[in-house]
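Next come the chains, spelled out residue by residue.
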Amino acid sequence: MELGNVENSSTTLMTDFLKKCGGYAVVDGGLATELERHGADLNDPLWSAKCLISSPHLVRRVHLDYLDAGANIILSASYQATIQGFVAKGLSVEEAESLLRRSVEIACEAREIYYDKSTKGSWDYIESGNISRRPVLVAASIGSYGAYLADGSEYSGKYGDAVSLETLKDFHRRRLQVLLKSGADLIACETIPNRLEAKAYAELLEEEGINIPAWFSFNSKDGINVVSGDSILECASIADSCKQVVAVGINCTPPRFIHGLVLSIRKATSKPIVIYPNSGETYNAELKQWTKSSGVVDEDFVSYINKWREAGASLFGGCCRTTPNTIRAIGNVLSKNP
Ligand SMILES: C[S+](C)CC[C@H](N)C(=O)O
Ligand SMILES: N[C@@H](CCS)C(=O)O
Ligand SMILES: [Zn+2]
């Protein structure tokens, strides 16, 4: 397919979807931390991807909980699922690729179960005079190279001089190819910590030329730049120039930084903005545990949703340590102020 057509059909998917959702869409909340809350032990280099092997039923249940809470987009458990990471655990490349596909299948199964069981509440929008089901997209999550390193590097974005654009493209290429053909509606490149990785994703998507839209979501620890110190404007511009990218945003970032970042992203792109902050707690990568941040108050961020909406965001959810309750509350805010 020619790039012009890729751009048109990808953009249409997102604009049609947002229209069907009433202009604003609800993204799910933290997947890994919710698995943990249900008893999963994520102290492993694979982090949440470990559950694809040990407890796929729990992954499906958490997806379903987010759908019950009102999510319009659910993200697969592939954030830290990499071929390299699975092979390091002793799996074959074929088994690793099959687990990647399985992560998307599990999310699709949850959507099927949700549609089958909910006769009330899911038939809630009218299109051309017909009552239709609540729109739900399945996004295949792609975590950064730093996520694979399993040492919290996605919160620093410092990969060292030895890691070049080509290193990152080689690292991501095969996983992206598998996920592009997995049946997912969307690719979610998440927690992108630096400009180089955004460029790597953009080039790979353009080289593959497959007609699946993607979003690029960055993280920040100062509300001005992405975590590596690279400019959010430059990062958002890379996303803006990539034809397959249908939304640009911020995830796994404390709520207090979001407003300024939305205003900055808006200067670089007119594409829809996606926002899914974490709880504001701090991650200890060594212990793989969360601690309350001292000296900062990150009150319940749902109260900020309207402010972020006024600043230009149109897709809202939560990242680490948010729960289905957060997502239900976001849905309530959006539906009260359509
Ligand atoms: C977004 S962080 C909480 C993900 C976990 C990290 N890559 C680790 O493995 O420790
Ligand atoms: N989608 C991932 C992001 C981690 S930062 C998750 O929710 O576990
Ligand atoms: Zn997160």
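An unreviewed UniProt entry lists the protein under the name Hcy-binding domain-containing protein, with Populus trichocarpa given as the organism.

> Would you take a moment to explain the site of ligand 1 for this structure?
W47, Y79, Q80, A147, A150, E154, Y155, Y283, K288 and W290 make up every residue found near ligand 1. Y283 is positioned with one of its side-chain polar atoms (N or O) 2.8 Å from an oxygen atom of ligand 1. For ligand 1, whose unbound accessible area comes to 330 Å², protein coverage reaches 99%. At a threshold of 2 Å from the grid points, most atoms of ligand 1 map onto the largest cavity. Split into classes, the residues belonging to the shell around ligand 1 amount to seven nonpolar, one polar and two charged.

> Would you mind going over the site of ligand 2 with me for this structure?
Close to ligand 2 lie G30, L31, A32, W47, Y79, E190, T191, C252, C319 and C320. A distance of 2.8 Å separates an oxygen atom of ligand 2 from a polar backbone atom of L31. Starting from 270 Å² of accessible surface for ligand 2 in isolation, the protein chains cover 96%. When atoms are counted within 2 Å of each cavity's grid points, the one that captures over half of ligand 2 is the largest cavity. Of the residues contributing to the shell around ligand 2, the split by class is seven nonpolar, two polar and one charged.

> Could you clarify how one ought to interpret the packing of helix α9 (residues 195–208) against helix α10 (residues 232–241) in this entry?
Between two packed helices, what matters for the description is the angle formed by their axes and the separation of those axes. Taken N-terminus to C-terminus, the directions of α9 and α10 make an angle of 5°; their axes are 9 Å apart at the nearest point. When the axes of α9 and α10 are compared, the pair comes out roughly parallel. Residue-level contacts link R195, A198, K199, A202 and E206 of α9 to E234, C235, I238 and S241 of α10. In the contact of α9 with α10, the residues fall into four nonpolar, one polar and four charged.

> What am I meant to see in the environment of V226 here?
Along the chain, V226 falls in the loop between β7 (214–218) and α10. V226 sits in the buried class, given a relative accessible area of 2%. What V226 contacts, discounting residues up to four positions off in sequence, is P193, N194, F218, N219, S220, I232 and C235.

> Is there a simple way to think about the coordination of the zinc ion (ligand 3) in this case?
Between any two of four tetrahedral donors, the ideal angle at the metal is 109.5 degrees; between two of six octahedral donors, it is 90 or 180 degrees. Those donors, C252 (SG), C319 (SG) and C320 (SG), are the protein atoms that reach the zinc ion (ligand 3), and they lie 2.2 to 2.4 Å from it. Classification of the site at the zinc ion (ligand 3) as tetrahedral follows from its four donor atoms and the range of 95 to 131° in their angles at the metal. Each donor residue of the zinc ion (ligand 3) lies on the same chain, and together they follow the pattern C-x66-C-C. Pair noted here: C252 is in the loop between β8 (245–251) and α11 (258–268) and C320 is in the loop between β12 (313–316) and α13 (324–336), with a separation of 68 residues, a long-range link. Since its relative accessible area comes to 5%, C252 is described here as buried. Assessed through its relative accessible area of 8%, C320 is described here as buried.

> Explanation requested: the UniProt feature "binding site: Zn(2+)" (unreviewed entry) in the protein in the structure shown.
The UniProt record marks C252, C319 and C320 with the feature "binding site: Zn(2+)" (unreviewed entry), using the residue numbering of this structure. Over a stretch of 69 residues, the named residues converge on one spot in the fold, their C-alpha atoms separated by at most 6.2 Å. Restricting the annotated residues just mentioned to those that line the largest cavity leaves C252, C319 and C320. Mapped onto the secondary structure, C319 falls in the loop between β12 and α13. Using a relative accessible area of 10% as the deciding quantity, one classes C319 as buried.

> How should the nonpolar core be read in this particular structure?
Looking at soluble globular proteins, one finds that nonpolar side chains tend to be buried together. One finds I73, I187, W215, F216, F218 and L315 to be the most contacted residues of the largest nonpolar core, which totals 111 residues. Looking at this core, the element that brings in the most residues is helix α6 (residues 93–117), giving 10 residues. With residues up to four places along the chain from it excluded, the contact list for F216 reads C189, I192, A198, Y201, A202, L205, A239, V245, A247, V248 and G249. One finds Y159, V163, F171 and A200 within the second-largest nonpolar core, a separate group that totals six residues.

Each value, and the rule that gives it
- Residues numbered from 1 in each chain as written.
- Chains lettered and ligands numbered in written order.
- Predicted model: local features only at pLDDT ≥ 70, side-chain atom pairs only at ≥ 80, totals over all residues.
- Heavy atoms only, no water.
- Near = heavy atom within 4 Å.
- Polar contact = N/O pair within 3.5 Å; in protein donor to acceptor, adjacent residues only side chain to side chain.
- Areas by Shrake-Rupley, 256 points an atom, 1.4 Å probe, with all protein chains shown as cover.
- 1 Å grid on protein atoms, 1.4 Å probe; cavity = no way out; pocket = protein on both sides within 12 Å on 5 of 7 lines; lining within 4 Å.
- Sits in = over half its atoms within 2 Å of the grid points.
- Nonpolar A, V, L, I, M, F, W, Y, C, P; charged D, E, K, R; others polar.
- Axes fitted to C-alpha atoms, helices over the stretch in contact; angles between N-to-C directions.
- Helix = DSSP H or I, 4+ residues; strand = E, 2+ residues; numbered from the N terminus.
- Parallel < 35°, antiparallel > 145°, perpendicular 65-115°, else oblique.
- Contact = heavy atoms within 4.5 Å.
- Buried < 20%, exposed > 50% of the residue type's maximum accessible area, 1.4 Å probe, protein only.
- Donors = N, O, S within 2.8 Å, 3.2 Å for Na, K, Ca; no water.
- Tetrahedral: all angles 85-135°; square planar, octahedral: opposite > 155°, others 65-115°.
- UniProt positions renumbered as here; feature names shortened; annotations may be inferred.
- Core = buried A, V, L, I, M, F, W, Y, C linked by side-chain atoms within 4.5 Å.

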